[in-house]
Amino acid sequence: HIQDPASQRLTWNKPPKSVLVIKKIRDASLLQPFKELCVYLTEVNNMIVYVEKKVLEDPAIANDDNFGPVKKKFCTFREDYDDISNQIDFIICLGGDGTLLYASSLFQGSVPPVMAFHLGSLGFLTPFNFENFQSQVTQVIEGNAALVLRSRLKVKVVKEHREKMSVQNGIEENGVVSANLEKEVGKQIMQYQVLNEVVVDRGPSSYLSNVDVFLDGHLITTVQGDGVIVSTPTGSTAYAAAAGASMIHPNVPAIMITPICPHSLSFRPIVVPAGVELKIMLSPDARNTAWVSFDGRKRQEICHGDSISITTSCYPLPSICFRDPVSDWFESLAECLHWNVRKKQNNFAVEEEE
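Residues numbered from 1 in each chain as written. Predicted model: local features only at pLDDT ≥ 70, side-chain atom pairs only at ≥ 80, totals over all residues. Heavy atoms only, no water.

Side note on the packing of helix α1 (residues 31-44) against helix α6 (residues 133-141)
Viewed as axis vectors pointing N to C, α1 and α6 meet at an angle of 45°, and their least axial separation amounts to 11 Å. The angle between α1 and α6 places the two elements in the oblique class. Here α1 runs over α6; the crossing is right-handed. Contacts between α1 and α6 involve Glu 36, Leu 37, Tyr 40 and Leu 41 from the former and Phe 133, Gln 134, Val 137 and Thr 138 from the latter. (Axes fitted to C-alpha atoms, helices over the stretch in contact; angles between N-to-C directions. Helix = DSSP H or I, 4+ residues; strand = E, 2+ residues; numbered from the N terminus. Parallel < 35°, antiparallel > 145°, perpendicular 65-115°, else oblique. Left-handed = near helix turned anticlockwise from the far one by under 90°. Contact = heavy atoms within 4.5 Å.)

Structure representation (structure tokens):
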């Protein structure tokens, strides 16, 4: 029996008490919606609201005396310093698709359900409009909503140890906190959870990138071009779509491999089953290094001997639907990407029979 995606529903074992509100920073148009939402959550629903510290440093929020009593009730945190992963019941995003990607990056394990309001530029992943936010938030708190489980990628980057670095109390010599960083003899290992895609590219070099792609230990191809995108179905409508890949519904269990400007006419994007392990390494005869980024963040250089291992994560991101997974996705295709929009062909005029 294959499960109908529409049967996935949000249910609470106990009523939610804490909510993380993520607001796109440096956007004045979001200040009023942010304030209205926080007042509604704290004063009407008596919820504990978590907000990133830098959001409250905005002068329009810090200098608002009317918002002061509400702001005092907030719990604040700092990215990369404070772990809030076990304290949040659900998440509300105000902004564009980037806020959902940012929410994913904050939770390297299990992710709470995410309700995303469309207040940004594209809004493919943010199905809710803010006009009726009170009734929509109340429905989520009561557990009356559809869900789509957006698969993520578990990525492990293994780098050859090229310089001496001492770690004391979790802080390296350069002052960077060594979260998600392990030390082995001669190795440096970093792990990431990725919602959209892993991008390997040639960086500032003028040469073609030259990387080998392995699937479950077998060499499947060498990418010669600008690079390669390894994406989830959620990421198939992002960079991968711009590079010519098919768009895949987030309920399809798959990993996509899409070349970026390959120097080969026959190199087409492919889809492989979720759960396989991909490994990407510089080819032994590569003229230059490569660069890798994860959902557009944590960009770093990859040298000879380094490797990037990618597989499906066991921690998906539960995204709350406005209607249901199928309706929301096709509406986003039509509204955001104008999928298959064209003038309709005229029909033939029917001549009257004599």
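Now that the structure is up, let's keep going.
Examining unusual backbone geometry
Positive phi outside glycine occurs at Lys 298, with the angle close to 55°. Residue placement: Lys 298 occurs in strand β21 (residues 297-302). We note that His 338 has phi near 50°; this positive angle belongs to a residue other than glycine.

Description of the side chain of Thr 126
Along the chain, Thr 126 turns up in the loop between β6 (114-118) and α6. Apart from residues lying up to four places away in sequence, Thr 126 is in contact with Gly 95, Gly 96, Asp 97, Ala 116, Phe 117 and His 118.

Some points on the domain arrangement of the chain
Assigned domains of the chain: these are domain 1 (9-151 + 316-337) and domain 2 (153-161 + 186-312). Relative to domain 2, the C-alpha centre of domain 1 lies at a distance of 30 Å. Every contact between the two is made by 21 residues of domain 1 and, on the other side, 18 residues of domain 2. When domain 1 packs against domain 2, close to 1600 Å² is buried across both sides, 58% of that on carbon and sulfur atoms. When the buried area of domain 1 at its contact with domain 2 is split by residue, Leu 101, Ser 151 and Trp 329 rank highest and sum to 37% of it. (Domains from an automatic or database assignment. Buried area = accessible area lost by both parts, 1.4 Å probe.)

Examining the pattern of salt bridges
Applying the stated criterion across every chain, the model contains eight salt bridges. For Lys 35, the salt bridge is made with Asp 64, and the minimal N-O distance between the two is 2.5 Å. Of this pair, Lys 35 sits in helix α1 while Asp 64 sits in the loop between α3 (59-62) and α4 (68-71), placing them 29 residues apart in sequence. Given the relative accessible area of 13%, Lys 35 is considered buried. (Salt bridge = Lys/Arg side-chain N within 4 Å of Asp/Glu carboxyl O. Buried < 20%, exposed > 50% of the residue type's maximum accessible area, 1.4 Å probe, protein only.)

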